[in-house]
Amino acid sequence: MQATTHTMPHAGVHEAHHEEQGFWRKYIFSTDHKVIGIQYGLTALVFLLFGFFLMMMMRWQIAHPGQPIPLVGWLLERVLGDVAAKGVMSPDLYNSFGAMHGTIMVFLAIVPLAFGAFGNYVVPLQIGAPDMAFPRVNMASYQAYVLGGIIMFVSFFIPGGAAQAGWTSYSPLATSIPTDGQTFWLVGMIFLITSSLLGAVNFIATIIQLRAPGMTWMRLPFFVWAQFVTGFLLLLAFPPLEAAGIMQLMDKVAGTSFFLPTGLAVGGELANISGGGSPLLWQHLFWFLGHPEVYVLILPAMGIVCEVIANNTRKPIWGYKSLVYSALCIGFLSFIVWAHHMYLTGMGTKVATFFQTTTMIISIPSVIILTCFFISLWGGSIRFNTPMLFCLAFLPMFGIGGLTGLPLGFAASDLHLHDTYYVIAHFHYVVAPGTIFALFAGIYYWFPKMTGRMMNEFWGRVHFWGSLIFMNVVFQPMFAQGMSGMIRRMADGGANYATATLQKQGVEVIGGLSDKMMNLHTMILWGAVFLALVQIPFIINVFWSIKHGKKVTSDNPWNATTLEWQTPTPPPHGNFAHAPTVHRGPYEYSVPGHSSDFIPQNETDKGSRQH
Amino acid sequence: MSDHTDDISKHVRGYMIVGGTLLIGTILTVLASYVDLGHEWNIVLALIIATAKASLVALFFMHLISERQMIYVVLAFTAFFLVGLMFLTIGAYADFPPLTTTR
Amino acid sequence: MDIPYTSQPRPDTGIYNAKVGIWLFLASEVMLFGALFSTYILLRVGARPEDWPTGLLNVPIGTFNTAVLIASSVTVVMAWASLKMKQFNRFKLFQAITVLCALTFLGIKSFEYRDKFTHYEVWKTDGTRITGHLEGKPMFMTLEKVKAAGKESILFTPDLHHYSEGKKAMHERDHGDHKAVEIPVAQIKRLSAFVPAHSTYFAIYFTLTGLHALHVLGGAVVMAYLFGPGAKMWFTDPDRLTNRVEVSGLFWHFVDLVWIFLFPILYLL
Amino acid sequence: MDQFIRKALGLPVLASENGKGVDDLIVWIHWLMIALFVGWFIYFVYALWRFRARRNPKADHYGVRGHTSNYIELAVAGIEIVLLVFVAIPLWAKAVDVTKIPQAGEATNIQVVAQQFAWNARYAGADGQFGKQDMRLVSSTNIFGIDYTDPNAADDVAVLNEIHVPVNKPVVTYISSKDVIHSFKIIALRVTQDAIPGMRIPAWFKPTMEGRYQINCAQLCGNGHSAMSQGFLVVESQEAFDQWLASKTGGATTFE
Ligand code: HEA
Ligand code: HEA
Ligand code: CUA
Ligand SMILES: [Cu+2]
């Protein structure tokens, strides 16, 4: 390796000339994986906040349908016009916000944060590489992401507003809405998909090719494994959605009928199209991505949790190999479970049997991963710092989310729960108190490496306890609502189906939504408001600590073993002065007979005995 | 991955032969389409020839025949998922063929 | 530290970075085109036979284009081999031919597209369907436009057979006289050029070949770059240039490989 | 116990025979979930308390050495397999196959076509035969695309938003849609079926309680999705149903 670098000094690699770079080269058009990682991170956090903001307005509308939104209602009317007349959210606007909340959270917030930001910043450091394998591709990936984000954002302000067909964009609804929101959505998605594909190629190639000497596959930190599998999910699951996106775009702008059947009527009359397409095809292609995508959301989170738990229990992760094999297994299986989102599309017995079976099988590796984390606690010396608190909370929260996936996985029980708030609660438990908590943990954990300063611990705790409590206030009631039959994507929060409403109209029905369920909306609204308030200390903490946080006294403030902590803080361009050599596994904590309670991966055996 | 110059010049002949075979394959495909074997069998034959041609390109032009194991692994998974996508999707239609005319 | 293995293979994997990258990328391309092929199968199986044209495309032209792509596949691998054998000038020659092949392919393809855009089908209210050409050979004409122009009837030169009569009819095509007929607008239910909106066949035809053409275009740009400014790398880092040519060649072969499937399923079956 | 968990889970009233299996499956799977969650949670809290740094300053490099976890994982897998093979798969086979429902011969057949934002239904009428249907004939006055040249079509009955069925007899609904995807859901009867344009999908249920039920649209179908609530299913005695149907017969296949 040394030989290579010496015979080809700076051979055509512009990235290698890192002497004087202007502001633009250094911060905006950077090819340094760490800068790109931070760019990804900040952009994604802004989108995360924006996605949450959309949802706060929706929760108001759900709790108080038809009433003007306080504080921001007038602003909405000013910028969006009639869809928010008098500051009231119209059903069109509700549908736009819902679709964009899902899209933004998944494709513009969590994936870029978990994969783009943490993956970019941490993976090359953890494997002892100078940068990503293709730095310029890396930059292009970020730029495509930003472009996609801008297109999505701009779509709010075009006439008719943003896409309204849910994040799933089912045809024919998606193409039947005459405004251009869906076109923007599709073009934006094509950019985001391109970004993810470029990122995935880069990550996988980097992990395969740029591991430092001695960094064998079974010495990789689990976080790297998680990103590796995630990369493959993106690489192979996204293209079919890209194909589907192109086809839906054709349906929308070129008048084709890929997803439109013969005999489709619009406003009563037969539509002027050739027909012959299939609405179900879109669903298959969407969920072929959609399901792997949810593991894209969770695997990096599990990777972070693993790093932090090992570090703060001061002992090796129990069952490292089972973790790795489980992650690979999840990755493989996630490609063949997608139709569990489609049980009620008229699926016959044989196909349903196949997908129910694979869905049950895929829950087993998740159980194994969680079990490994639990067992790792046993015998540890547990430090309850902020990152660790978030990771510990991740476990039961993901547990709730994951377990409630099981009744959805059986077609017959899904019959009752499909498209109700039970599904909403299920997946928010995995992505919100699950993934978001893990990402918070990652921010608190790697912040000192990125900036050389610690985040404030007290406000970290306030952020943690507040988030934990209010996340549960928001999402726990949704299980009950869903079980009682409350349907999702209701612009009035189900008021039209409530017993009370019907009684007012003089209709007596069996099984309408009870007052009790409807009243929970108020509680959820307040939960969301307080959830937002407790994010304020976090946001301030992040920016304040960059300048004023407690300075770290060493490059390795958490006494961690993995390679990212063996670099200067923050790591310079090129990361390591010399290629590190790896001598041991990733989590050598509290090794018997060793003086300190951790041994870095690059420490030689001789060095360790000298202690 | 052959690194020696003389090795390469031997390959060059191979490339020419493969190229010629591909051209012949193309002509065969066209001719075969004019022979009426029954619609299904025409499709099968055309796909067989196409697959053979594609394999030649992949094996020789793209050097898959002497590629590293890792690339095989990646491609094997890709092929598997693609087959899964095709068969499961198409399989799901078998239960309820699309409706145009019914009672 | 610089990024290692940009020109020499990593010992344990045996490959250099860009090759890993391109194969991963091609894997994703397989899924992209695979999804479209799946769509093709579904649409075709779902279509009523009379709605799915066979033998409508020009086979000799398609065959010629196939040959062009195959030839370029040979030249692109020869370009790489020339670099391996340190024959820079021969590389330049082969690379140039490759780019020319790509442009030829695109030129012919756009000619074919034009042909389709000026070819029409009329669905009459009595249920009959005729294909043919409109007076003056306009592109993208629709019934709405005809009506908006205030015309009472159109002048239409019918083909001697309709595509639903199958390939047999096409083979027996004699060169009889094409007489233009006048069709009153009132008798027309639908009028469409052979554009994507015409039918699921043309939808998938244009999507597949259009996406493929974009790939050809992208490949041509890269190839031209490596022929022109990019070739200077030969004097600073010949191994890396050779790798770049190999990697772009891999992409090019893949594009060829896709066409090998597209040709029979779209032109011949 | 059984009633307790039903209440605790918040399962709504059940008014159909087919829904029993669905509810049972939901209850059983929740037992498994609760057992797992409570078990793990107790362990979790105990471990956090016992191994906190202040109490246990030195970690044990090896930690757990036993295989208990493997047994737990195997048990989870085992229970899932049992539920899958003996409950979920047979249940689904019964739920989707309308040819295998009990008393299929006596079933009331209804064709349902959803549209933005209402429910249309069609009964075969006195002859028990639906008229031929072709989606290419759909128009604003011919919602079902009925082919009026077919003599069977003459006595078909069409209704809007008000669907009557007799109690204690299976109902087979052939569900379709005209414009976008909707979903035909009646919570208390535990019936849900997506209404997909271009497809006609059979679903069945067997109501056991007379009364009025609201038809919910469970799939996002546009800006009227939340207000697509004017459709009702009326379950009544056979006599009342016959009378109602007779009052409708007489070529009411089109609407005003
Ligand atoms: C990160 C995201 C994520 C993850 C990890 C999962 C995980 C799972 N999901 Fe989920 N799912 C979504 C995100 C996710 N899902 C989303 C976004 C949707 C809706 C999309 C939409 O319609 O808009 C959805 C919808 C969805 C459906 C469709 C429902 C419907 O529309 O009707 C189904 C059905 O099978 C399902 C099943 C599962 C299963 C079986 C798992 C399994 O993998 C879960 C396995 C995990 C476990 C079994 C937990 C194990 C843990 C323990 C046992 C420990 C307990 C812990 C403590 C006590 C501390 N999910
Ligand atoms: C990863 C995905 C993700 C995430 C994280 C979330 C997070 C949240 N979601 Fe969402 N949601 C979806 C994905 C997600 N959601 C999807 C896919 C849908 C379906 C859409 C559809 O129907 O098509 C949906 C739908 C959905 C609904 C149903 C709407 C309906 O059916 O009509 C609801 C209702 O309450 C909801 C609520 C929330 C809430 C309260 C949060 C909260 O947890 C949000 C928490 C966020 C924060 C706490 C913000 C933290 C941010 C910061 C701290 C910023 C820091 C900034 C800097 C430092 C610069 N979501
Ligand atoms: Cu119809 Cu929702
Ligand atoms: Cu899923």
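The structure presented is a predicted model; accordingly, all values stated were derived computationally and were not measured.

Participant: Describe the site of ligand 2, naming the residues involved and giving the relevant values.
Facilitator: All names here are of chain A. Not every one of the 31 residues close to ligand 2 is listed here, only the nearest: R59, Y94, H101, H428 and R489. Within the side chain of H101, one N or O atom sits 2.8 Å away from a nitrogen atom of ligand 2. The contact in question runs from an oxygen atom of ligand 2 to an N or O atom on the backbone of W167, over 2.8 Å. Tallied by class, residues from the shell around ligand 2 come to 22 nonpolar, six polar and three charged.

Participant: Go over the coordination of the iron atom of ligand 1 with me, naming the residues and quoting the values.
Facilitator: Residues and elements named next belong to chain A. What the protein offers the iron atom of ligand 1 as a donor is a single atom, H426 (NE2), at 2.2 Å. Here the iron atom of ligand 1 and the copper ion (ligand 4) are spaced 4.5 Å apart. Along the chain, the position of H426 falls in helix α16 (residues 421-451).

Participant: Break down the interface of chain D and chain A for me, citing the residues and quoting the values.
Facilitator: With 91 residues of chain D at the interface, the matching set in chain A holds 94 residues. With both sides pooled, the region where chain D packs onto chain A buries about 8,000 Å², and carbon together with sulfur makes up 69% of that total. Interface area lost by chain D to chain A is led by H61, W92 and L220 of chain D, which between them contribute 10%. At the junction of chain D with chain A, the criterion picks out 26 residue pairs in polar contact (both at pLDDT 80 or more). Secondary structure elements with two or more residues in the side of chain D that touches chain A: α2 (19-50), α3 (68-96), β8 (191-195), β10 (211-214) and β11 (216-217) of chain D. The leading source of residues in the side of chain D that touches chain A is α2 of chain D, at 17 residues. Residues of the side of chain D that touches chain A, tallied by class, amount to 55 nonpolar, 22 polar and 14 charged.

Participant: Requested: an account of the sheet that holds β10 of chain D, with residues and values cited.
Facilitator: Residue and element names in this part refer to chain D. Taken in spatial order, the three strands line up as β5-β12-β10 in an open sheet, and their pairing is mixed. For this open sheet the edge positions go to β5 (162-166) and β10, each flanked by a neighbour on one side alone. Neighbouring strand axes in the sheet, compared pairwise and without regard to direction, differ in orientation by 25° on average. Bridge analysis of β5 against strand β12 (residues 232-236) gives five bridges, and the strand direction is parallel. Looking at β12, one finds that E162 is bridged to F232.

Participant: Got a sec to walk through the coordination of the iron atom of ligand 2? Specific residues and values, please.
Facilitator: All names here are of chain A. Protein coordination at the iron atom of ligand 2: the donors are H101 (NE2) and H428 (NE2), at 1.9 to 2.0 Å from the metal. For the iron atom of ligand 2, the six donor atoms in the first shell make angles of 88 to 179° at the metal, so the coordination geometry reads as octahedral. Here H428 lies in helix α16 and H101 lies in helix α5 (residues 91-127), a separation of 327 residues in the sequence. Of the two residues examined, H101 and H428, each falls in the buried class.

Participant: Outline the pairing of strand β1 (residues 119-124) of chain C, supporting the account with residue identities and numerical values.
Facilitator: All names here are of chain C. Within β1, six of the six residues are buried, which leaves the element mostly enclosed by the surrounding structure. Side chains H119, E121 and W123 project from β1 onto one buried face, and the interleaved Y120, V122 and K124 project onto a second face that is buried too. Of the strand pairs in this sheet, β1 and strand β2 (residues 129-134) are connected by five bridges, and their pairing is antiparallel. Pairing of W123 across the sheet is with R129, part of β2. Two strands pair when backbone bridges link them, and β1 and strand β5 (residues 188-193) are joined in this way by five bridges, in the antiparallel orientation. Of the residues in β5, the one forming a bridge with V122 is L191.

Participant: I'd like a description of the sheet that holds strand β7 (residues 182-186) of chain D, backed by residues and values.
Facilitator: All names here are of chain D. If you walk across this open sheet you meet the three strands as β8-β7-β11, and the pairing is antiparallel. The open sheet terminates on both sides in strands that have one partner only, identified here as β8 and β11. Pairing of β7 with β8 involves five bridges; the strand directions are antiparallel. Paired with I186 across the strands is V191, a residue of β8.

Participant: Summarise unusual backbone geometry; cite the residues concerned and give the values.
Facilitator: The residue after S171 of chain A, namely P172 of chain A, is reached through a cis peptide bond having omega 0°. Cis geometry marks the peptide bond from Q116 of chain D to F117 of chain D; its omega dihedral reads -5°. Its place among the elements puts F117 of chain D in the loop between β1 (108-115) and β2 (118-123). Although it is not a glycine, H63 of chain B sits at a positive phi angle of roughly 60°. When you line up the elements, H63 of chain B lands in the loop between α2 (39-61) and α3 (69-95). Here N161 of chain D, not a glycine, exhibits a phi torsion of approximately 65°, which is positive. With respect to the helices, strands and loops of the structure, N161 of chain D is situated in the loop between β4 (157-160) and β5.

Participant: Could you give an account of the domain arrangement of chain D, with specific residues and numbers?
Facilitator: All names here are of chain D. Taken as a whole, chain D is organised into domain 1 (2-99) and domain 2 (104-248). Distance from the C-alpha centre of domain 1 to the C-alpha centre of domain 2: 38 Å. Between domain 1 and domain 2, the contact holds 16 residues from the first and 15 residues from the second. Roughly 1,300 Å² is buried in total at the junction of domain 1 and domain 2, and carbon and sulfur atoms are behind 56% of that figure. Considering only the side of domain 1, the residues that lose the most area to domain 2 are A15, N18 and V98, jointly responsible for 47% of the buried surface there. There are two salt bridges connecting domain 1 and domain 2. E17 serves as the salt-bridge partner of K206, at 3.1 Å between the closest nitrogen and oxygen. Put simply, domain 1 and domain 2 have 11 residue pairs in polar contact (both at pLDDT 80 or more) between them. Counting only elements with at least two residues in the side of domain 1 that touches domain 2, the list comes to α2 and α3. In terms of residue class, the side of domain 1 that touches domain 2 is built from eight nonpolar, four polar and four charged.

Participant: Before we move on, could you go through the site of ligand 1 and cite the residues and values that matter?
Facilitator: The immediate surroundings of ligand 1 are formed by 34 residues, with Y295, D414, H418, H426 and R488 of chain A found nearest. Looking at the residues close to ligand 1, they fall on chains A and D. One nitrogen or oxygen atom from the side chain of H426 of chain A is found 2.9 Å from a nitrogen atom belonging to ligand 1.

Participant: Any details on a nonpolar patch on the surface? Residues and values, ideally.
Facilitator: Taken together, the side chains of I38, L42, L49, I539, F543 and I546 of chain A define a hydrophobic patch exposed on the protein surface, amounting to about 510 Å² of accessible area. Positionally, L42 of chain A belongs in helix α3 (residues 33-63).

Participant: Outline the confidence of the model for chain A, supporting the account with residue identities and numerical values.
Facilitator: Chain-level statistics for chain A give a pLDDT mean of 91 and a share of 96% at 70 or above. Overall, residues 1-18 of chain A carries pLDDT values under 50, and its contacts beyond four positions in sequence, including any with other chains, amount to 24 contacts.

Participant: Tell me about the nonpolar core, and please be specific about residues and values.
Facilitator: Across soluble globular proteins, nonpolar side chains have a tendency to be buried as a group. Counting residues in hydrophobic clusters, the biggest one holds 413 residues, and the most contacted among them are F97, F222 and L395 of chain A together with L233 of chain D. Looking at this core element by element, the count peaks at 22 residues for α5 of chain A. The residues touching F97 of chain A, leaving out its near neighbours within four places in the chain, are L54, M57, M58, L76, L80, M89 and F156 of chain A. Among the nonpolar cores identified, the runner-up in size contains six residues, and I143, F144, A153 and A158 of chain D belong to it.

Participant: Describe helix α4 (residues 238-248) of chain D, with residues and values.
Facilitator: Residues and elements named next belong to chain D. Within α4 the residues assigned to the buried category are F241, W244 and L245. Each buried residue of α4 sits inside an arc of 95° when the element is viewed along its axis, so together they form one side. Away from its buried face by more than 90 degrees, α4 exposes E239, Q243, A246 and S247. Against the buried residues of α4 lie β1, β2, β4, β5 and β12.

Participant: Pulling in residues and values, what's your account of the packing of aromatic side chains?
Facilitator: Taken as a whole and assessed by the stated rule, the structure comprises 93 aromatic pairs over all chains. Ring centres 5.6 Å apart and planes at 45° place the aromatic pair W217 of chain A and W225 of chain A in the tilted group. Centre to centre, the rings of F37 of chain D and F41 of chain D are 5.5 Å apart; their planes meet at 15°, and the pair counts as stacked. One end of the pair is F37 of chain D and the other is F41 of chain D, both in helix α2 and four residues apart, which spans about a single turn. Ring pairing ties together the aromatic residues Y40, W52, Y113, F117, F140, Y163, F194, Y201, F202, Y205 and F206 of chain C, which thus form one cluster.

Thresholds, definitions, all that
Residues numbered from 1 in each chain as written. Chains lettered and ligands numbered in written order. Predicted model: local features only at pLDDT ≥ 70, side-chain atom pairs only at ≥ 80, totals over all residues. Heavy atoms only, no water. Near = heavy atom within 4 Å. Polar contact = N/O pair within 3.5 Å; in protein donor to acceptor, adjacent residues only side chain to side chain. Nonpolar A, V, L, I, M, F, W, Y, C, P; charged D, E, K, R; others polar. Donors = N, O, S within 2.8 Å, 3.2 Å for Na, K, Ca; no water. Helix = DSSP H or I, 4+ residues; strand = E, 2+ residues; numbered from the N terminus. Contact = heavy atoms within 4.5 Å. Buried area = accessible area lost by both parts, 1.4 Å probe. Pairing = 2+ DSSP bridges. Axes fitted to C-alpha atoms, helices over the stretch in contact; angles between N-to-C directions. Tetrahedral: all angles 85-135°; square planar, octahedral: opposite > 155°, others 65-115°. Buried < 20%, exposed > 50% of the residue type's maximum accessible area, 1.4 Å probe, protein only. Domains from an automatic or database assignment. Salt bridge = Lys/Arg side-chain N within 4 Å of Asp/Glu carboxyl O. Patch = residues over 30% accessible without salt bridge, like charges linked within 9 Å, V, L, I, M, F, W, Y side chains within 5 Å. Areas by Shrake-Rupley, 256 points an atom, 1.4 Å probe, with all protein chains shown as cover. pLDDT = per-residue confidence, 0-100. Core = buried A, V, L, I, M, F, W, Y, C linked by side-chain atoms within 4.5 Å. Arc of directions from axis to C-beta. Phe/Tyr/Trp six-rings, centres within 6.5 Å; stacked < 30°, edge-to-face > 60°.

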